[in-house]
2 protein chains.
Amino acid sequence: MFSIGELSKRTKVKVPTIRYYEEMGLLPEAERTTGNQRRYDKAGLERLSFIRHARDLGFSIEAISSLIKLQDHPDRSCEAATDIATSQLEEVRAKIKRLRTLEKELSRISKGCDGEGVAGDCYVLASLADHNLCDREH
Amino acid sequence: MFSIGELSKRTKVKVPTIRYYEEMGLLPEAERTTGNQRRYDKAGLERLSFIRHARDLGFSIEAISSLIKLQDHPDRSCEAATDIATSQLEEVRAKIKRLRTLEKELSRISKGCDGEGVAGDCYVLASLADHNLCDREH
DNA sequence: TCTTGAACCTCTAGTCACTAGAGAGATTAC
DNA sequence: GTAATCTCTCTAGTGACTAGAGGTTCAAGA
């Protein structure tokens, strides 16, 4: 059994974040010492690692909550899990697409001004003021 | 002179968002009718268009605030503007990079399970539980 | 001119996933 | 025993809005 600080070190999840996850129901309520401090074991460590990994991959707390429920019922169909992962993948792809458009636009705008003139003649400011100077929709 | 609703229609920025921008100091305090309703003119429209365009490109409220200050002083050097645009571009590129890694990982995980088995055997859940199943760092 | 209904006002609180800080109590090492 | 470090709960703040309550004003038609 180890403390919340120890769990934090091992998982690289900050202490207040661990408490937050508990409050959100992602982690079960931890056992306590007589002095009311949380104590964890291997199971707690594994669950928190799962959560952290899923968060790193961009899953929302809500999605993780669903995934955990599935984990706790290994006999149920895993269709929901693949659905969640697939829609997460779609979201990531959509974000990439959008960011690529922004990248092109920003890169074009940045190249338009070397930063040596005055604000009144700045192509960056002009581009932001006038959408018509843009190449494409965004 | 037109109302906040009209301004909203023309710029496609929602009414509460316009009020929020005013509160944040991005928009100057609007003129009011005797009945205390906001009225806008062409200048207000242009400034809000600027803000919306910059937001669409992912600039933060703070960054936009700096850009607006520059706009209001056309005699100052525009170095700050190009700096802001460049660092925004860098951020966007960093985000894309990170999302690409996630995309690869999620795609690999999703492919590992067709959703037809049970949760106990699900590769999606197993991958999330065990970082060692990952191809690369993320 | 009166009435109706849409648009407007302010204010508070909620969103997401944490993060920061206060003030008090617990644990651990020496 | 004492000092240093950890931990506890609670509240409030972050960014960029969004939602809703409860009340007021405006514009158009009768």
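Residues numbered from 1 in each chain as written. Chains lettered and ligands numbered in written order. Predicted model: local features only at pLDDT ≥ 70, side-chain atom pairs only at ≥ 80, totals over all residues. Heavy atoms only, no water.

Before going further, it helps to spend a moment on the overall build of chain A. Helix and strand counts for chain A come out as six helices and two strands. If you list the helices and strands of chain A from N to C, you get α-α-β-β-α-α-α-α. Over its C-alpha atoms chain A spans a radius of gyration of 23 Å, topping by over 25% the 14 Å that the globule rule assigns to 138 residues. Referenced to the eigenvectors of the C-alpha coordinate spread, the extents of chain A come out at roughly 70 × 40 × 20 Å. A buried classification covers 41% of the 138 residues belonging to chain A. Counting contacts in chain A only where the partners sit at least 6 residues apart, residues at least 24 apart contribute 46% of the total. Here chain A has roughly 7,900 Å² of accessible surface; of this, 46% comes from carbon and sulfur atoms. (Helix = DSSP H or I, 4+ residues; strand = E, 2+ residues; numbered from the N terminus. Rg over C-alpha atoms; globule rule 2.2 N^0.38 Å. Buried < 20%, exposed > 50% of the residue type's maximum accessible area, 1.4 Å probe, protein only. Contact = heavy atoms within 4.5 Å. Areas by Shrake-Rupley, 256 points an atom, 1.4 Å probe, with all protein chains shown as cover.)

Judged by nonpolar contacts, the single largest core of 78 residues is most densely connected at Phe59 of chain A together with Phe59 of chain B. In contact with Phe59 of chain A, other than residues within four places in its own chain, are Ala54, Ile64, Leu67, Ile84, Ala85 and Gln88 of chain A together with Leu106 and Leu128 of chain B. (Core = buried A, V, L, I, M, F, W, Y, C linked by side-chain atoms within 4.5 Å.)

Quick look at the packing of aromatic side chains now. As enumerated under the stated definition, the model contains two aromatic pairs over all chains in all. Arranged with centres 6.0 Å apart and planes meeting at 50 degrees, the rings of Tyr20 of chain A and Tyr21 of chain A form a pair that is tilted. Classification of Tyr20 of chain A as partly exposed rests on a relative accessible area of 38%. Looking at Arg10 of chain B, its charged tip hangs above the ring of Phe2 of chain B, at a distance of 4.2 Å from the centre. (Phe/Tyr/Trp six-rings, centres within 6.5 Å; stacked < 30°, edge-to-face > 60°. Lys NZ or Arg CZ within 6 Å of the ring centre and 35° of its normal.)

Our next topic: unusual backbone geometry. Its identity as a non-glycine residue notwithstanding, Lys12 of chain A has a phi of 60 degrees, on the positive side. With respect to the helices, strands and loops of the structure, Lys12 of chain A is situated in the loop between α1 (4–11) and α2 (15–23).

Right, let's get into the interface of chain A and chain B. For an interface, size is often stated in terms of accessible area lost upon the parts coming together. Taken together, the contacts link 53 residues of chain A with 54 residues of chain B. On the chain A side of the contact with chain B, His53, Leu106 and Leu128 of chain A bury the most area, a combined 15% of that side's loss. Our count for the contact surface shared by chain A and chain B stands at two salt bridges. A salt bridge links Glu103 of chain A to Arg93 of chain B; the shortest N-O distance between them is 2.9 Å. Mapped by element, the contributors of at least two residues to the side of chain A that touches chain B are α3 (42–56), α4 (61–71), α5 (79–111) and α6 (123–129) of chain A. (Buried area = accessible area lost by both parts, 1.4 Å probe. Salt bridge = Lys/Arg side-chain N within 4 Å of Asp/Glu carboxyl O.)

Near DNA strand C, the surroundings consist of 18 residues, among which Tyr21 and Arg55 of chain A together with Ser3, Gly5 and Arg19 of chain B are the closest. A distance of 3.5 Å separates a phosphate oxygen of DNA strand C from a polar atom in the backbone of Gly35 of chain A. For the surface near DNA strand C, the elements supplying multiple residues, two or more each, are α2 of chain A together with α1 (4–11) of chain B. If one sorts the elements of the surface near DNA strand C by residue count, α2 of chain A sits on top with three residues. Its residues assigned to classes, the surface near DNA strand C comprises four nonpolar, nine polar and five charged. (Near = heavy atom within 4 Å. Polar contact = N/O pair within 3.5 Å; in protein donor to acceptor, adjacent residues only side chain to side chain. Nonpolar A, V, L, I, M, F, W, Y, C, P; charged D, E, K, R; others polar.)

Further remarks concern the domain arrangement of chain A. Residue and element names in this part refer to chain A. Domain parsing of chain A yields domain 1 (4–76) and domain 2 (80–133). Domain 1 and domain 2 are separated by 36 Å when their C-alpha centres are compared. Summed over both partners, the interface of domain 1 with domain 2 buries about 440 Å², with 79% contributed by carbon and sulfur atoms. The largest share of the area that domain 1 buries against domain 2 comes from Phe59, Leu67 and Leu70, three residues that together contribute 67% of it. Linking domain 1 with domain 2 are zero salt bridges. Put simply, domain 1 and domain 2 have two residue pairs in polar contact (both at pLDDT 80 or more) between them. The residue inventory of the side of domain 1 that touches domain 2, partitioned by class, reads five nonpolar, two polar and no charged. (Domains from an automatic or database assignment.)

Once that is clear, we can look at the packing of α1 of chain A against α2 of chain A. Residue and element names in this part refer to chain A. Taken N-terminus to C-terminus, the directions of α1 and α2 make an angle of 100 degrees; their axes are 9 Å apart at the nearest point. Comparing the axis directions of α1 and α2 gives the class roughly perpendicular. Touching Ile4, Gly5, Leu7 and Ser8 of α1 are Val15, Ile18 and Arg19, all from α2. (Axes fitted to C-alpha atoms, helices over the stretch in contact; angles between N-to-C directions. Parallel < 35°, antiparallel > 145°, perpendicular 65-115°, else oblique.)

Attention now goes to the protein's contact with DNA strand D. The full set close to DNA strand D counts 18 residues, and Ser3, Arg19 and Arg38 of chain A together with Tyr21 and Arg55 of chain B are the nearest of them. Considering the 4 Å shell around the protein, atoms of DNA strand D inside it are sugar or phosphate in 89% of instances. At 2.3 Å, a side-chain N or O of Arg19 of chain A approaches a phosphate oxygen of DNA strand D. Within the residue set of the surface near DNA strand D, elements represented by two or more residues are α1 of chain A together with α2 (15–23) of chain B.

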